[in-house]
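Residue strings, one per chain:
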Amino acid sequence: MTAGKTIHFVYATPYSLIDKIAMRLVGKKLTHPAWDEYSWPSPIKAPLSITYHVARALSGRYRLKLYHLKERIEIEPEEGDILLGHVWTDPESVVRRALDDRRFSKKFLIGPYNHDSRQVGWMREAIEKCDAFFAICGDYWMDTFDRSPFPDLKEKVIHLNMAIDTIDYPRVKKKFSKQGERSFFYIGRYGSFGDEKGVQLLESLAARIPGFRGGYICPDGEIKGWHRISRPRRLTPDFMERIAAGYDVFVNMSRADAQATTVLEAMSWGFPVACTRETGYTDGALFHLEMENEEQNLDTFRRIQEMPCSDLEAIVETNRNELGTKYSWDTFIERLVSGLEK
């Protein structure tokens, strides 16, 4: 443990019913238990997975206090303490307040990032005030940072690739449909800022491909040309085995997603992935789709249909190997700790 240092870590935390009521009434939780006293779900999905793994790792090196990012409270640090927090849009939220507190020796931000100014443009002032921003995002957003709403702040950005625990997403897809008979599925949301999740692109593809077979799991709404598999629910191994029996390839056509965790989950379950680079992913054994070139996307879907099953198996193995290295929590934490301690 780093002697005398407390990290004040602000991110999403599990909510009790009492917490929800207190947050609505007074803007804060009634208690702030130690990270290992929370009731963590199983499996732990993002964003709670980030909180859990960061808190567990840092608690072995520092004293650690955990807060929810939407709380409207004043942190009371001792001189020399460290702030590591997810900034929120509310100007009265805990991290926005803490950034002006001179008792902190270092102030770090952490959270998802893409170039969509509607999602991140408001963060400029917070990034200017911090020592570094740990941007959780795919390689695409770092490779194209000149298109950021704040390209002049790149020197403050430390890149973290998202991670998952593959044990929570066991391989269920072990056999592919025959050539020409493959089907596709999407799991995700419709988006909060228009069509940033690319739902209209999914609909357009379905309309252009004769005999298209696709399914989706989304909140209320419809993806035209696709079949609703179910309402949002826990994606247990038993349920995903049923998905694997009926679908072959996971599709995500997001226009602005920091790093779609569903892509990593699909890889772990054993599905090949077809996605836009704007999901965050630029390398690996992926079928890349384009936002502005539908003809090329149609060629990609034809190629998937014609590909031998052995080639799809090789893609799955390559991607699952990447999950154990580039997209592991060990890699995530190692880079985070290195950035904190520099």
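As the structure is a computational prediction, the values presented were derived from the model and not from experiment. (Residues numbered from 1 in each chain as written. Predicted model: local features only at pLDDT ≥ 70, side-chain atom pairs only at ≥ 80, totals over all residues. Heavy atoms only, no water.)

Asks: So, the overall build of the protein chain: which residues are in play, and what are the values?
Replies: The secondary structure content of the protein chain amounts to twelve helices and twelve strands. With the principal axes as the frame, the protein chain shows a C-alpha extent of 65 × 40 × 40 Å. Nonlocal contacts in the protein chain, meaning residues at least 24 apart in sequence, comprise 69% of its contacts between residues at least 6 apart. Accessible surface for the protein chain amounts to roughly 15,700 Å². Of this, 48% is attributable to carbon and sulfur atoms. Charge centroids of the protein chain, computed over 48 positive and 50 negative side chains, lie 3 Å from each other. (Helix = DSSP H or I, 4+ residues; strand = E, 2+ residues; numbered from the N terminus. Contact = heavy atoms within 4.5 Å. Areas by Shrake-Rupley, 256 points an atom, 1.4 Å probe, with all protein chains shown as cover. Lys, Arg positive; Asp, Glu negative; His and termini not counted. Charge placed at Lys NZ, Arg CZ, Asp CG, Glu CD.)

Asks: Summarise helix H2 (residues 48-58); cite the residues concerned and give the values.
Replies: Where burial is concerned, most of H2 is hidden: nine out of the eleven residues are buried. All of the buried residues along H2 are Leu48, Ser49, Ile50, Thr51, Tyr52, His53, Val54, Ala55 and Leu58. Looking at the buried side of H2, the elements it contacts are strand E1 (6-11), strand E2 (63-68), strand E3 (82-85), strand E5 (132-136) and helix H12 (329-341). (Buried < 20%, exposed > 50% of the residue type's maximum accessible area, 1.4 Å probe, protein only.)

Asks: With reference to specific residues and values, describe the sheet that holds strand E12 (residues 287-289).
Replies: If you walk across this open sheet you meet the six strands as E9-E8-E7-E10-E11-E12, and the pairing is parallel. At either end of the open sheet lies a strand with only one pairing partner, and these are strand E9 (227-230) and E12. The mean inter-strand angle of the sheet, taken between neighbouring strand axes irrespective of direction, is 30°. Pairing analysis gives three bridges linking strand E8 (residues 214-217) to E9, with the strands arranged parallel. Following the sheet pairing, Gly215 is matched in E9 by His227. Along the sheet, helix H9 (residues 261-269) makes contact with strand E7 (184-187), strand E10 (249-252) and strand E11 (273-276), crossing E10 at roughly 175°. (Pairing = 2+ DSSP bridges. Axes fitted to C-alpha atoms, helices over the stretch in contact; angles between N-to-C directions.)

Asks: Break down the pattern of salt bridges for me, with residues and values.
Replies: Scanning all chains against the criterion turns up 22 salt bridges. Here Asp116 makes a salt bridge to Arg118, at a shortest N to O gap of 2.9 Å. Take Asp116: its relative accessible area is 11%, and that puts it in the buried class. Among the ionic pairs, Arg208 bridges to Glu294, the shortest N-O distance being 2.8 Å. You can see Arg208 sitting in helix H7 (residues 199-208) and its partner Glu294 sitting in helix H10 (residues 294-306), a full 86 residues away along the chain. By relative accessible area, which is 39% here, Arg208 ends up partly exposed. Here the salt bridges do not stand alone but share partners, grouping Glu74, Glu92 and Arg97 into one network. (Salt bridge = Lys/Arg side-chain N within 4 Å of Asp/Glu carboxyl O.)

Asks: Describe the nonpolar core, and please don't skip the residues or the numbers.
Replies: Phe9, Leu84, Tyr113 and Phe271 are the most contacted members of the largest nonpolar core, which has 90 residues in total. In contact with Phe9, not counting residues within four places along its chain, are Thr51, Val54, Ala55, Leu64, Lys65, Leu66, Tyr67, Leu84 and Ile110. Counting 29 residues, the second-largest nonpolar core is a separate cluster that includes Leu202, Ala206, Leu289 and Met307. (Core = buried A, V, L, I, M, F, W, Y, C linked by side-chain atoms within 4.5 Å.)

Asks: Can you explain the pairing of strand E6 (residues 157-160)? Please cite residues and give values.
Replies: In E6, alternate side chains face the same way, and those of Val157 and His159 on one face and Ile158 and Leu160 on the other are all buried. Both E5 and E6 contribute to a ladder of four bridges, which runs parallel. Bridge pairing links Ala135 to His159 in E6.

Asks: Outline the sheet that holds strand E4 (residues 106-112), listing residues and values.
Replies: Sheet strands line up and pair through hydrogen bonds in the backbone, either parallel or antiparallel. Pairing is parallel across the open sheet formed by six strands, whose spatial order is E2-E1-E3-E4-E5-E6. Edge strands, defined here as strands with exactly one partner in the open sheet, are E2 and E6. For this sheet, the mean angle separating the axes of adjacent strands, direction not counted, is 20°. Of the strands in this sheet, E1, E3, E4, E5 and E6 touch H12, which is tilted by about 165° from E6.

Asks: Describe the environment of Lys129, and please don't skip the residues or the numbers.
Replies: Here Lys129 is to be found in helix H5 (residues 124-129). Among the residues examined, Lys129 registers a relative accessible area of 34% and is labelled partly exposed. Residues Lys129 and Arg96, spaced 33 residues apart in sequence, show a C-alpha to C-alpha distance of 9.7 Å. Engagement of the side chain of Lys129 in a polar contact is seen with the side chain of Asp100, the distance being 3.0 Å. (Polar contact = N/O pair within 3.5 Å; in protein donor to acceptor, adjacent residues only side chain to side chain.)

Asks: Any chance you could break down the packing of aromatic side chains for me, citing the residues and the numbers?
Replies: Enumeration over the complete set of coordinates arrives at 19 aromatic pairs. An angle of 5° between the planes, with centres 5.8 Å apart, marks the rings of Phe184 and Phe212 as stacked. Of this pair, Phe184 sits in strand E7 while Phe212 sits in the loop between H7 and E8, and the two are 28 residues apart along the sequence. Aromatic side chains Phe212 and Phe301 sit 6.5 Å apart centroid to centroid with 55° between the ring planes, which places their arrangement in the tilted category. (Phe/Tyr/Trp six-rings, centres within 6.5 Å; stacked < 30°, edge-to-face > 60°.)

Asks: Hey, could you go over unusual backbone geometry for me, with residue numbers and the actual values?
Replies: In the segment running from Ser42 into Pro43, the intervening peptide bond is cis, with an omega of -5°. Structurally, the position occupied by Pro43 is in the loop between helix H1 (17-26) and H2. With an omega of 5°, the peptide bond between Ala46 and Pro47 qualifies as cis. Residue position: Pro47 is located in the loop between H1 and H2.

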